[in-house]
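# Results of the structural survey
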Amino acid sequence: MNIKHIAAGMLAAGFMLSSCADFTEIDPKGKNLLTNVSDLELLLNAEYSMTATTMQEICGDLVYTYEPLATKINPPVKTSFSIIVGWDEAGHDEKLPELTASDSYYANCYEYIGRIANPILEKADAANGSEAERMAVKAEAYVIRAYFHYLAVQKFAPAYDKATASSTVALAYVKEGQDIKLPTVPIMLDEYYANIIADIDAALALDALPTTPLNPMRFGLGSAYAVKALALMSMQEPAEAAKAAQKALDVKSVVADYNSMLVDTPDAFGIGTYKSILRTKMQCPEDYFSDDNIDFLNTYLTWDNMEDGHAVRNHFNTMNKNYAGMMDPSQMMIGVPGLTMTYDLTSSWPVIGLKTTQMYLILAENAIENGQYDEAMGHLDKIRVGRIDPAVYAPLQGTVSDKATAIAKLKTTAMAEGLFGVWNFINQKRWTRLPDYRETLTRELAGLQMTLTPDSKMWVFPIPQNVINNNPNFKPYLNY
């Protein structure tokens, strides 16, 4: 049952039981409902859902439209789509803020913080229940708070740079006890990330997170170490991140073999079948945490950047396969031929999921920074062996002896792993601060030549207007 319905029913029951003499009482009863640890634990059964479309569009992975792209990318009046997909720097600075009335990604991050994590952390110590249960719900709440703050700052603040983090404005870090009548205040990037690490460390110190969560949409010990590793990578601390990543892998290290997850899929005509990957919801063994997301009718610009023989490249369920021999889907839908359009309504491809492959990528990047290229390629091979067709798979370990090649191999593997969620945006934005990784992206799309530099302001999205209108401490771009 939906937790909102449970809360509403409990609230109604509370009102019915109150005395007639107190009928004018306006103290919000909802604040007093969570009196048992078991009540608090219900909050953890949220169904997380996020969208990262605009972030995927900025980093160049996809376009999301069913209209002729040439018209939509170059309209008479600028739109959010034309600015983001067109890499329009002037439009980003001057027009995008007023076009961003709201942002579901921002709203969801702070909703999960404010409606799940902080109520638990505020009420747990006084709630009735066993100490073991209390510590478990508190630990999970700390992870949730850290993770959704981490996700929020990736989109709305500049990438972390050690030289400027203490003078770069991030977002508000909202903790339990925040007076909801007072506006939150953005803090500096270094303090913001310090809070993320502190929350994860607080969770780990309670020693109460399960190695196997109740279900894959709950945060356990592997998730806590994974979030810490990702945050430390964003802070340009690869050595410390690698330690946390290894801790996550000590909890779970399996990489799913996508080549063994192929099923017969009927084509659109009902006369044949083709092989496609079935990544069953909540059942992929490499996931530490999994949100639910189908990938359907997205047009991917970077599809062919994956390795030859990659199971996703060859066997993802696409319109191209479903309508093979009948039409070119991208030509029909957006007027641009030869692109891949997804068509998977049965699998789940998490947007903000945490998985073992991310940890191997962190180990590989740290090894590259230490000049250990052979070790780095070994970490990549642990991913690739579960992705590349065995008929064409060849190990990278033993074939790379220079940093530039190692980085190129890392990026190819990482971009395939991050294709369906927030991770390619997060990694590419982080790499803009690293001299050996930063690069200028160029492309031609619908007749337009485009360039996105590492120092572009387009890597930062505007704070939505509905936030600004309710909080005088915020402005569209917090750092200019």
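See the structure printed just above.
The notes below deal with the structure included here. (Residues numbered from 1 in each chain as written. Predicted model: local features only at pLDDT ≥ 70, side-chain atom pairs only at ≥ 80, totals over all residues. Heavy atoms only, no water.)

## What to know about the overall build of the chain
Helix and strand counts for the chain come out as 20 helices and 9 strands. Since a compact globule built from 480 residues should have a radius of gyration of about 23 Å, the 23 Å found for the chain is in line with a globular shape. With an accessible surface of roughly 20700 Å², the chain has 54% of that area assigned to carbon and sulfur atoms. (Helix = DSSP H or I, 4+ residues; strand = E, 2+ residues; numbered from the N terminus. Rg over C-alpha atoms; globule rule 2.2 N^0.38 Å. Areas by Shrake-Rupley, 256 points an atom, 1.4 Å probe, with all protein chains shown as cover.)

## Digging into the pairing of strand β9 (residues 448–452)
The pairing of strand β8 (residues 441–445) with β9 spans 5 bridges and is antiparallel. Each residue of the ladder has a partner; that of Glu444, found in β9, is Gln449. Between β8 and β9, which pair antiparallel in sequence order, lie 2 residues; one of them, Ala446, sits at a positive phi of approximately 55 degrees. (Pairing = 2+ DSSP bridges.)

## Concerning the nonpolar core
Of all hydrophobic cores here, the largest spans 131 residues; its most connected members are Tyr147 and Phe148. The dominant element in this core, judged by the number of residues it contributes, is helix α9 (residues 131–156), at 14 residues. Once residues within four sequence positions are removed from consideration, Tyr147 is found in contact with Phe219, Val227, Phe289, Ile352, Gly353, Leu354 and Trp423. Membership of the second largest hydrophobic core comes to 16 residues, among which are Leu62, Met261, Ile277 and Cys284. (Core = buried A, V, L, I, M, F, W, Y, C linked by side-chain atoms within 4.5 Å. Buried < 20%, exposed > 50% of the residue type's maximum accessible area, 1.4 Å probe, protein only. Contact = heavy atoms within 4.5 Å.)

## What about the environment of Pro464?
Within the element layout of this structure, Pro464 appears in the loop between β9 and α20 (465–468). Residue Pro464 is classed as buried on the basis of its relative accessible area of 1%. Residues Pro464 and Thr432, spaced 32 residues apart in sequence, show a C-alpha to C-alpha distance of 24 Å. With residues near it in sequence (within four places) discarded, Pro464 still touches Thr100, Ala101, Ser102, Asp103, Tyr106 and Phe156.

## Overview of the packing of aromatic side chains
All told, the structure shown has 33 aromatic pairs when counted by the stated rule. Both rings, one in Phe316 and one in Trp349, keep their centres 4.9 Å apart while their planes meet at 45 degrees; by these two values the pair is tilted. Here Phe316, found in the loop between α13 (311–315) and α14 (319–322), pairs with Trp349, found in the loop between β6 (340–344) and β7 (354–355); they are 33 residues apart in sequence, far enough to count as distant. Considered together, Phe316 and Trp349 belong to a single accessibility category, that of buried residues. Every member of this aromatic cluster is reached through a ring pair, and the members are Tyr48, Tyr112, Tyr147, Phe148, Tyr150, Phe219 and Phe289. Between Lys72 and the ring centre of Phe81, over which it is positioned, the NZ or CZ distance is 4.5 Å. Sitting above the plane of the Trp87 ring, Arg443 keeps its charged end 4.0 Å from the centroid. (Phe/Tyr/Trp six-rings, centres within 6.5 Å; stacked < 30°, edge-to-face > 60°. Lys NZ or Arg CZ within 6 Å of the ring centre and 35° of its normal.)

## A closer look at helix α11 (residues 221–234)
Owing to its 3.6 residues per turn, the α-helix aligns residues three or four sequence positions apart on the same side. The terminal C-alpha atoms of α11, which comprises 14 residues, lie 20 Å apart, in line with the 20 Å expected from a rise of 1.5 Å per residue. The element α11 is largely enclosed, with a buried count of 13 among its 14 residues. Backbone geometry just downstream of α11 places Gln236 in the positive-phi region, at approximately 60 degrees. (Expected span 1.5 Å × (residues − 1).)

## Here we look at the side chain of Glu417
Along the chain, the position of Glu417 falls in helix α18 (residues 403–417). Looking at Glu417, the relative accessible area reads 10%, which means it is buried. Within the structure, the side chain of Glu417 is placed 2.8 Å from the side chain of Arg387, a separation counted as a polar contact. Beyond its immediate sequence surroundings of up to four residues, Glu417 is in contact with His310, Lys355, Thr357, Leu361, Ile383 and Arg387. (Polar contact = N/O pair within 3.5 Å; in protein donor to acceptor, adjacent residues only side chain to side chain.)

## Looking at the environment of Ile294
Tracing the chain through its elements places Ile294 in the loop between β4 (287–289) and β5 (295–300). Given the relative accessible area of 40%, Ile294 is considered partly exposed. Separated by 69 residues in the primary sequence, Ile294 and Leu363 have C-alpha atoms spaced 29 Å apart. Setting aside residues no more than four positions away along its own chain, Ile294 makes contact with Asp344, Leu345 and Ser347.

## Quick word on the packing of helix α16 (residues 356–369) against helix α17 (residues 373–384)
Close contact between α16 and α17 brings their axes to 7 Å; oriented N to C, the two are set at 165 degrees. On the basis of the axis angle, α16 is roughly antiparallel to α17. As α16 runs across α17, the sense of the crossing is left-handed. Where α16 abuts α17, its residues Thr357, Tyr360, Leu361, Leu363, Ala364, Ala367 and Ile368 lie against Tyr373, Glu375, Ala376, His379, Leu380, Lys382 and Ile383. (Axes fitted to C-alpha atoms, helices over the stretch in contact; angles between N-to-C directions. Parallel < 35°, antiparallel > 145°, perpendicular 65-115°, else oblique. Left-handed = near helix turned anticlockwise from the far one by under 90°.)

## Examining the layout of surface pockets
A volume near 520 Å³ is recorded for the second largest pocket. The wall of the second largest pocket is formed by 26 residues, among which Asn305, Met415, Gln428, Glu439 and Leu441 lie closest to the centre. Counting residues per element, the ones that place at least two in the lining of the second largest pocket are α18, α19 (423–431) and β8. Ranked by residue count, the leading element in the lining of the second largest pocket is α18, at 7 residues. (1 Å grid on protein atoms, 1.4 Å probe; cavity = no way out; pocket = protein on both sides within 12 Å on 5 of 7 lines; lining within 4 Å. Points joined across faces, edges and corners; volume = space filled by probe spheres on them.)

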